[in-house]
Amino acid sequence: MGDKNTSSTVDRAGKISRLSEVQLEKMIDSIDEAIIGCDKNGYINIYNSANERREKMNRKSVLNKHVDEVYDFHGGKSLLMRAIKDNKPILDQYQEYTTEISGTYVEIICSTVPIMEGDEVIGAVSVMKDYSKVKKLSKIIMDLQNNLYSTDKTSKPKTAGASHTFSDIVGENLLLRDTIIWAKKTAANNLPVLIYGETGTGKELLAQSIHNAGDRRDKPFIAINCAAIPENLLEGLLFGTVKGAFTGALDRTGLFEQATEGTLVLDEINSLSLPLQSKLLRVIQEEAVLRVGEMKERKINTRLISISNMDPVNAIKEGLLREDLYYRIAYISLCMPPLSKRLDDLPALIDYMIRKYNEKLTLKVENVSAELFASLENYPWPGNIRELEHIIAAGMSALSEDDLQICLENLPPNIRHKLSGVNNTREIYSSAGMSLEKTLNSVERRLLKKILKKNNWNISKAAKELELKRQSLQYRIRKYSLKNTD
Ligand SMILES: Nc1ncnc2c1ncn2[C@@H]1O[C@H](COP(=O)(O)OP(=O)(O)OP(=O)(O)O)[C@@H](O)[C@H]1O
Ligand SMILES: [Mg+2]
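Residues numbered from 1 in each chain as written. Chains lettered and ligands numbered in written order. Predicted model: local features only at pLDDT ≥ 70, side-chain atom pairs only at ≥ 80, totals over all residues.

Caption draft 1: Structural view of the site of ligand 1. Close to ligand 1 lie 16 residues; V170, T199, G202, K203 and E204 are nearest. Secondary-structure elements contributing two or more residues to the shell around ligand 1 are α8 (203-213) and α16 (384-397). Considered class by class, the residues forming the shell around ligand 1 number five nonpolar, seven polar and four charged. Both domains that furnish three or more residues to the shell around ligand 1 are identified here as domain 2 (149-335) and domain 3 (340-479). (Near = placed C-beta within 6 Å. Helix = DSSP H or I, 4+ residues; strand = E, 2+ residues; numbered from the N terminus. Nonpolar A, V, L, I, M, F, W, Y, C, P; charged D, E, K, R; others polar. Domains from an automatic or database assignment.)

Caption draft 2: Layout of unusual backbone geometry. In this structure, N64 takes a positive phi of about 70° despite not being glycine. Structurally, N64 can be placed in the loop between α3 (59-62) and α4 (67-70). Residues other than glycine seldom take positive phi values, yet E268 does so here, at roughly 50°. When you line up the elements, E268 lands in the loop between β11 (263-267) and α11 (274-286). Given 17 C-beta atoms within 10 Å, E268 falls into the partly exposed group. (Buried ≥ 20, exposed ≤ 12 C-beta atoms within 10 Å, placed from the backbone.)

Caption draft 3: Quick peek at the packing of helix α7 (residues 174-188) against α8. The contact between α7 and α8 brings their axes to 8 Å, and the two run at 45°. What the angle tells us is that α7 and α8 run oblique. In this structure, the crossing between α7 and α8 has a hand that is right-handed. Together, A183, K184, T186 and A187 of α7 and L206, S209, I210 and A213 of α8 make up the contact between the two elements. Here the residues of the contact of α7 with α8 sort into five nonpolar, two polar and one charged. (Axes fitted to C-alpha atoms, helices over the stretch in contact; angles between N-to-C directions. Parallel < 35°, antiparallel > 145°, perpendicular 65-115°, else oblique. Left-handed = near helix turned anticlockwise from the far one by under 90°. Contact = placed C-beta atoms within 7 Å.)

Caption draft 4: View of the sheet that holds strand β4 (residues 90-99). What the six strands build is an open sheet, ordered β2-β1-β6-β5-β4-β3; its pairing is antiparallel. The outermost strands of the open sheet, each flanked by one partner alone, are β2 (44-47) and β3 (71-72). Two strands pair when backbone bridges link them, and strand β1 (residues 34-39) and β2 are joined in this way by three bridges, in the antiparallel orientation. Bridge assignment links G37 to a residue of β2, and that residue is I46. In this fold helix α5 (residues 79-86) packs onto β1, β4, β5 (105-117) and β6 (120-130), with an angle of close to 25° to the strand it touches most, β5. (Pairing = 2+ DSSP bridges.)

Caption draft 5: Spatial organisation of α8. With nine of 11 residues buried, α8 lies mostly within the body of the structure. Those residues of α8 that sit buried are K203, L205, L206, A207, Q208, S209, I210, H211 and N212. Where α8 is buried, its residues contact α7, β7 (193-196), β8 (221-225), β11, β14 (303-308) and β15 (332-335).

Caption draft 6: Quick peek at the sheet that holds β15. Taken together, the five strands give an open sheet; going across it, the order is β8-β11-β14-β7-β15, and neighbouring strands pair in parallel fashion. The outermost strands of the open sheet, each flanked by one partner alone, are β8 and β15. Direction aside, the axes of adjacent strands within the sheet are offset by 20° on average. On top of the sheet, α7 reaches β7 and β15; it is set at about 145° to β15, its chief contact.

Caption draft 7: Expanded view of the pairing of β14. With six of six residues buried, β14 lies mostly within the body of the structure. The alternating pattern of β14 places R303, I305 and I307 on one face and L304, S306 and S308 on the opposite face, and all of these are buried. Bridge analysis of β7 against β14 gives four bridges, and the strand direction is parallel. Looking at β14, one finds that V193 is bridged to I305. Note that β11 and β14 share four bridges and pair parallel. Following the sheet pairing, V265 is matched in β14 by I305.

Caption draft 8: Summary view of the nonpolar core. By size, the foremost hydrophobic cluster in this structure holds 43 residues, and its most contacted members are I195, L206, F256, L264 and I305. Setting aside residues no more than four positions away along its own chain, F256 makes contact with L238, F239, L264, V283, V289, I300 and T302. (Core = buried A, V, L, I, M, F, W, Y, C linked by C-beta atoms within 7 Å.)

Caption draft 9: Representation of the packing of helix α14 (residues 346-361) against α16 within the structure. One can describe the packing of α14 onto α16 by two numbers: an axis separation of 10 Å at closest approach and a directional angle of 45°. The angle between α14 and α16 falls in the class oblique. α14 and α16 meet at a crossing whose hand is right-handed. Contacts between α14 and α16 pair L349, I350, M353, I354, Y357 and L361 from the former with I385, L388, E389, I392, A393, M396 and S397 from the latter.

Caption draft 10: Main features of the confidence of the model for the protein. On average, residues of the protein carry a pLDDT of 85, and 86% of them reach 70 or more. When the elements of the protein are averaged for pLDDT, helix α18 (residues 425-428) gives the smallest value, 40, and β7 the largest, 97. Confidence drops under pLDDT 50 across residues 1-13; counting only partners more than four residues distant or on other chains, this segment forms zero contacts. (pLDDT = per-residue confidence, 0-100.)

Shown next, in the form of structure tokens:
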């Protein structure tokens, strides 16, 4: 009985393992990425269909051959062999080669990992992405940008790229106003500025406003998200390339040159690799760029605005931002406060969004219901103003031309669901995503507002009722930006 059980378990396990082997093989063969693997001596033992298509070779003619027999790496070395020798993964590496059998020229972005059995390397596998598609796309972007921003100094750029000004920034909150006062000062000079803040707080809006308030307003404004461009293309895109710098490279001006006399915004600068950060540091120090593949420096006069979605001090601590670069890009550092810290602006922002969508949707909505406002006031706002706009737009899209108010029930279920549970204090404690600090702040803020209102904003009386010192209440009024119009 015991023996039978054991053997049936072994059988079953055996079948499962054969099944997963076949599944794995099918999977490898059906994906778009080309995959190649070899044993520790460099003999190819995996070669999938995507690779057959890209390299125009049949797997029968490739399997069991040595990588050096199948590929010519143009003087370089096989990444598979390098990963085996160094026993280290090589990630997102550009490689070009020609196949010996079909004569196909290939450019790829390749990630290669050694395969271990215990402590021993028994082979390696590479997953390869087609580089030519990425290259084609980025060339299109660069060409478009070249056309858009004429380098002819006599003509104005066809579009300046920045449409917003300081007057588009809604809100009177003290933290926000402080940021804006400093932003206006920086608009007048051309020193590098760093804007940081959570997602959706209006960082791009502020960057555009700074550009449009300065004497560069008629010059190019170019914003690029550093996190969205593959690392190996970003250097060429930022600093330019010269013909022959690498295969397919043409003479191209980089964004720093294209934005000369204007403003270049480097968004998500904290995602820039450290080597590229040191090149950027040099560009800022020298006020000149070296196009990739060229030794001659080209002078630039580009105003740099950097944007980070994390506090730069934390980014430095976490090794994501070089400290020396930070001092160069952030002569002035501007924080866009999160909506949770400027809830006093909620009515004005709601009003602004309603007016915006009244126009877009031809409606005549006036406000939100008291119940909805209470929910909005107690919500933690992880997506900040962008999220508020999304909620107002979603609510208004359900209204008809006679409706004057957005109510909770006009919101789609997913939004109602996330807003529910923040409506009363008891439920706040169980609200997902609400940190203890935010919860306590929210409760404290509402209590202060209630008692101040009750005492007609007589600080001494309110402080007495709250059993606080006058100064302590004043500190809290400043902390929560409370006003007697609230
Ligand atoms: N104070 C404000 N007044 C009016 N609209 C605002 C304000 N702040 C932000 N917005 C609007 O909110 C949206 C998000 O703003 P923006 O794109 O500038 O945010 P961001 O901080 O750059 O976000 P991300 O980090 O996700 O890129 C935009 O539609 C913007 O116009
Ligand atoms: Mg942005």
